[in-house]
Amino acid sequence: MGMSMGSASGGGGRRGRRKAPVMAEINVTPMVDVMLVLLIIFMVAAPLLTVNIQVDLPQAQGGSASTADAKPPLEVTVKKTGGGCASKVDVYLGETQIGINELGPKIKAMKEAGAGGGDNVVKIRGDRDACYSELMKVLGLARDAGYRASIVVLPEQGS
């Protein structure tokens, strides 16, 4: 009448072994690593997204702000340097100062090389006090190069 219970050292029984306890804590080390990498990326990328040329933009009513493209548009800035309406203006392509007579061939070459703005759009930032004729020259050069141009203005306060 003997019934064998099995020994703790041999057989296939589980009586003598213990299961490892389940760890109920969250390991935050990988999350901290990812957050630090994202912080470094944003710290490096944020200064590259700003425009450093200070221009006093005019205000406008109506319309809506343009949506961001996957590829940022080409930016041309016209800044008045002094004098009356027929005064001297500085023209910047991105953040690089360029002569107005060099602007047309330069942006045409950029478009042909595929380095132009997203959807072939040029944003023209004109100083509030810059002469209308100077802005229209830049607009004409952009259109001759095959770009659609939009003029950047500040929205009216309260809208």
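All values derive from a computational prediction rather than experimental measurement.

**Points about the overall build of the chain**
Phase 1 of the analysis: The helix and strand tally for the chain stands at three helices and seven strands.
Phase 2 of the analysis: Listed N to C, the secondary structure of the chain is α-β-β-β-β-α-β-α-β-β in terms of helices and strands.
Phase 3 of the analysis: Within the span of the chain, comprising 159 residues, buried residues form 23% of the whole.
Phase 4 of the analysis: Pairs at least 24 apart in sequence give 71% of the contacts found in the chain among residues at least 6 apart.
Phase 5 of the analysis: A total accessible area of about 12,000 Å² is found for the chain, and carbon and sulfur atoms account for 58% of it.

**Comments concerning the confidence of the model for the chain**
Phase 1 of the analysis: With 73% of its residues at a pLDDT of at least 70, the chain reaches an overall mean of 77.
Phase 2 of the analysis: Looking across the chain, the model is least confident in strand 7 (residues 154-155), with a mean pLDDT of 64, and most confident in helix 1 (residues 29-45), with 93.

**Structural notes on the side chain of D90**
Phase 1 of the analysis: Mapped onto the secondary structure, D90 falls in strand 3 (residues 89-93).
Phase 2 of the analysis: Take D90: its relative accessible area is 12%, and that puts it in the buried class.
Phase 3 of the analysis: Only 3.2 Å separates the side chain of D90 from the side chain of Q97, close enough to count as a polar contact.
Phase 4 of the analysis: Ignoring sequence-local partners within four residues, the contact set of D90 consists of T77, V78, K79, T81 and Q97.

**Looking at the sheet that holds strand 5 (residues 121-126)**
Adjacent strands of a sheet pair through backbone hydrogen bonds, lying either parallel or antiparallel.
Phase 1 of the analysis: Strand order in the open sheet formed by five strands is 4-3-2-5-6, with mixed pairing between adjacent strands. With partners counted over all chains shown, the strands left at the sheet margins are strand 4 (96-98) and strand 6 (148-152), one partner each. When the angles between neighbouring strand axes are averaged without regard to direction, this sheet yields 30°.
Phase 2 of the analysis: Two elements, strand 3 and strand 4, share three bridges in a ladder whose sense is antiparallel. Within strand 4, the position partnered with Y92 by the bridge is Q97.
Phase 3 of the analysis: Running over the sheet, helix 2 (residues 100-113) touches strand 2 (74-80), strand 3 and strand 4 and is turned about 15° from strand 3.
Phase 4 of the analysis: Against the sheet, helix 3 (residues 132-144) makes contact with strand 2, strand 3, strand 5 and strand 6, and its axis sits at roughly 170° relative to strand 5, the strand it touches most.

**With respect to helix 2**
Phase 1 of the analysis: Spanning 14 residues, helix 2 covers 20 Å between terminal C-alpha atoms, matching the ideal 20 Å at 1.5 Å per step.
Phase 2 of the analysis: What helix 2 keeps buried is the set L103, G104, I107 and M110. Looking straight down helix 2, one finds that the buried residues subtend no more than 140° of arc, so they occupy a single side. The exposed residues of helix 2 that point more than 90 degrees off its buried face are N101, P105, E112 and A113.
Phase 3 of the analysis: Looking at the buried side of helix 2, the elements it contacts are strand 2, strand 3, strand 4 and helix 3.
Phase 4 of the analysis: Immediately downstream of helix 2, the backbone of G114 shows phi near 80°, a positive value.

**Quick word on the nonpolar core**
Phase 1 of the analysis: Counting 20 residues, the largest nonpolar core has L93, L103 and I107 as the members making the most contacts within it.
Phase 2 of the analysis: Elements with a contribution of two residues or more to this core: strand 2, strand 3, helix 2, strand 5 and helix 3.
Phase 3 of the analysis: Take this core: its biggest share by element is four residues, from helix 3.

Parameters and conventions
- Residues numbered from 1 in each chain as written.
- Predicted model: local features only at pLDDT ≥ 70, side-chain atom pairs only at ≥ 80, totals over all residues.
- Heavy atoms only, no water.
- Helix = DSSP H or I, 4+ residues; strand = E, 2+ residues; numbered from the N terminus.
- Buried < 20%, exposed > 50% of the residue type's maximum accessible area, 1.4 Å probe, protein only.
- Contact = heavy atoms within 4.5 Å.
- Areas by Shrake-Rupley, 256 points an atom, 1.4 Å probe, with all protein chains shown as cover.
- pLDDT = per-residue confidence, 0-100.
- Polar contact = N/O pair within 3.5 Å; in protein donor to acceptor, adjacent residues only side chain to side chain.
- Pairing = 2+ DSSP bridges.
- Axes fitted to C-alpha atoms, helices over the stretch in contact; angles between N-to-C directions.
- Expected span 1.5 Å × (residues − 1).
- Arc of directions from axis to C-beta.
- Core = buried A, V, L, I, M, F, W, Y, C linked by side-chain atoms within 4.5 Å.

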